[in-house]
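One-letter residues, chain by chain:
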Amino acid sequence: MFDRLSSLVIALTLVAVAAIFAALAGGDALTITLLAAAGAAAAAIVHAAVPGPPPDFDGGTGTPEPEAPPPSLLRHPDFARWADQEREPLIGTADNVVTIANDAAVRLLGRHIVGADIRTAIRHPAATEGLAAADGASPPPPIDLVDFPRSGQRWTLRIAELSGGDRIIFLSDRSAIDAADRMRSDFVANASHELRTPLAAILGYVETLHDLTGETDVPTRRRFLSIIEREARRMQQLVIDLLSISRVEADRFRRPTTPVDLAAIVRTTIAQLQDSEEARPKDIVALPGGNAAVPVLGDEAQLAQLVHNIISNALKYGRAGTPVTVELIPEDADRVRLSVSDEGDGIASDHLPRLTERFYRVDEARSRSVGGTGLGLAIVKHIAERHRGQLDIASEPGKGTRVSVVFPLAA
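Just so you know, these numbers come straight off a predicted model, no measurement behind them. The written sequence of each chain sets the order in which its residues are numbered from 1. Reporting of local features is limited, given that this is a predicted model, to residues whose pLDDT is at least 70; pairs of side-chain atoms are given and counted only at 80 or more, and all residues count toward the totals for whole chains, interfaces and linings. The side-chain figures draw on all heavy atoms in the structure; neither hydrogens nor water molecules are used.

Draft legend 1. Representation of the overall build of the protein within the structure. Scanning the protein from terminus to terminus reveals 12 helices and 12 strands. With a 1.4 Å probe rolled over the protein chains alone, any residue whose accessible area is under 20% of its type maximum counts as buried; one over 50% counts as exposed, and the rest are partly exposed. Across the 411 residues of the protein, 35% fall into the buried class. Working definition of accessibility: Shrake-Rupley area with a 1.4 Å probe, residue cover restricted to the visible protein chains. Roughly 24500 Å² of accessible area belongs to the protein as shown, and the carbon and sulfur atoms make up 58% of that amount. Helix and strand definitions follow DSSP, with helices as H or I runs of at least four residues and strands as E runs of at least two, each counted in order from the N terminus.

Draft legend 2. Geometry of the sheet that holds strand β12 (residues 400-408). At least two DSSP bridges between two strands are required for those strands to pair. Taken in spatial order, the 5 strands make up an open sheet running β7-β9-β10-β12-β11, and their pairing is mixed. The two strands at the open ends of the sheet, each matched to only one other strand, are β7 (284-286) and β11 (390-396). Each strand axis lies, on average, 20 degrees off the axis of its neighbour in the sheet, ignoring direction. Bridge count for strand β9 (residues 324-332) against strand β10 (residues 335-341) is 7 bridges, and the pairing is antiparallel. Looking at β10, one finds that Asp332 is bridged to Arg335. Angles shown run from 0 to 180 degrees and are taken between the N-to-C directions of axes, each axis being a line fitted to C-alpha atoms and, for helices, limited to the stretch in contact.

Draft legend 3. Geometry of the nonpolar core. Side-chain atoms within 4.5 Å are what join buried Ala, Val, Leu, Ile, Met, Phe, Trp, Tyr and Cys residues into a set we call a nonpolar core. Leu262, Val266, Leu306, Ile311, Val326, Leu328 and Phe407 are the most contacted members of the largest nonpolar core, which has 43 residues in total. Contributions of two or more residues to this core are made by α8 (218-250), α9 (262-275), α10 (300-317), β9, β10, α12 (376-386) and β12. Top contributing element to this core by residue count: α10, with 7 residues. Among all residues touching Leu262, those that are not within four sequence positions of it are Val294, Val296, Leu303, Leu328, Val336 and Phe407. Of all hydrophobic cores here, the second largest spans 21 residues; its members include Ala101, Leu109, Ile143 and Ile159. A contact between two residues is defined here by any heavy atoms of the two lying within 4.5 Å.

Draft legend 4. Fine view of the packing of α9 against α10. The interhelical angle for the contact between α9 and α10, taken along N-to-C directions, is 50 degrees, at an axis separation of 9 Å. Comparing the axis directions of α9 and α10 gives the class oblique. Crossing handedness for the pair α9 and α10: right-handed. Together, Leu262, Ile265, Val266, Thr269, Ile270 and Leu273 of α9 and Glu300, Leu303, Ala304, Val307, His308, Ile311 and Ser312 of α10 make up the contact between the two elements. Looking at side-chain class alone, the contact of α9 with α10 contains 9 nonpolar, 3 polar and 1 charged residues. Here the word oblique covers every angle except those under 35 degrees (roughly parallel), over 145 (roughly antiparallel) and from 65 to 115 (roughly perpendicular). The crossing is said to be left-handed when, going from far helix to near helix, the turn is anticlockwise and less than a right angle, and right-handed when the turn is clockwise. Under the convention adopted here, Pro, Cys and the residues Ala, Val, Leu, Ile, Met, Phe, Trp and Tyr are nonpolar, Asp, Glu, Lys and Arg are charged, and Gly plus all remaining residues are polar.

Draft legend 5. Highlighting the sheet that holds strand β1 (residues 90-94). Judged by pairing direction, the sheet is antiparallel, and its 5 strands sit side by side in the order β2-β1-β5-β4-β3 without closing on themselves. The outermost strands of the open sheet, each flanked by one partner alone, are β2 (97-101) and β3 (143-146). Along the sheet, successive strands turn relative to each other by an average axial angle of 30 degrees, direction set aside. Here 7 bridges tie strand β4 (residues 154-161) to strand β5 (residues 166-173), and the two strands are oriented antiparallel to one another. Bridge pairing in β5 places Ile159 opposite Ile169.

Draft legend 6. Geometry of α12. Counting buried positions over the 11 residues of α12 gives 9, a clear majority of the element. Just past α12, the residue Arg388 takes up positive phi, approximately 60 degrees.

Draft legend 7. Focus on the environment of Ala134. Among the structural elements, Ala134 can be located in the loop between α6 (125-133) and β3. Classification of Ala134 by relative accessible area gives buried; the value is 14%. Those residues in contact with Ala134 that sit more than four places away from it in its chain are Pro140, Ile159, Glu161 and Arg167.

Draft legend 8. Inspection of unusual backbone geometry at higher detail. Put simply, Phe148 and Pro149 share a cis peptide bond, and its omega is -5 degrees. Its location among the elements puts Pro149 in the loop between β3 and β4. Although it is not a glycine, Asp95 sits at a positive phi angle of roughly 55 degrees. Residue placement: Asp95 occurs in the loop between β1 and β2.

Structure, rendered in structure tokens:
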């Protein structure tokens, strides 16, 4: 396809060629004139056949047509498909009206939020203020939603500004992170307190011993030294338990793969407790379960610590002269239950969910008097979880407590 100028040049060339051929042919002036007229007509036809430039849509004024606005991302079908795959709540708004909410947002805020004003959909003063302050010129900072949607929870709200007044709002749950931070803070505070208490007692008695003189103070010295020894051993046990729980937590994602005999571990631990200086060693009653091996996949040292902690707790908190019963019995074809029962004062039901928390004590004074660190059951819980065991604590006030762990048998 030629443009107008090219077509005109071609037509004039044709006219010139026609005139030259007519002259060479010896034609008269009339012939030359007819040939020239034919060439001009051909040029006109060629020129007319070439399309001209497209007409202006503005009526020829020369003003460019305004560009159409870009399509909205929120209305693209792939956006809705992606949004529903997100685990955290995601909301799309156009001029502050909710146009899309993924499944997580609907579960959190309700299906009625679609079509509602975002400032009423998220009923929180900080969200209302932050959404009103966002101007689209710069990325707004994250907004903390404290006690949202229920007391004790915390979420963060982030705003992504799009063109045309559209927004994408992301909600992230930070409640678990806050709980973990509080747990770490409580752990450090409790550990410091547990170490500081015996340390203060040791330092106080040492200072008193320095001031004692004469032979008349020998009985007092001995009493003070026994207290110092007891508090030092308490600190030593606390450090051992802290190291133990740290090691167990470090290994919690590594499943044991070594087959061990749980029955042999239980028998060895009972024998060690009966030969030790633990109080009431003769009260341990191991119900006969045969000499057959009970194979489980486990860490032998950790399982021995689990059995030791459960039986020691029963000895400490059960009434003197009453049996501490240890059982290892099949739960079903694939599992075995280790159960330790005492006949102590029992534990109220509201304390049971917190017994495996670090440093949690039902009776703090009694726990300190029997040498408890508040970490025994926390260690048991972590060891049981690493070995895919199910820990269960049942108690009835005035009758006693039973702690049991169900382990899967090795294939």
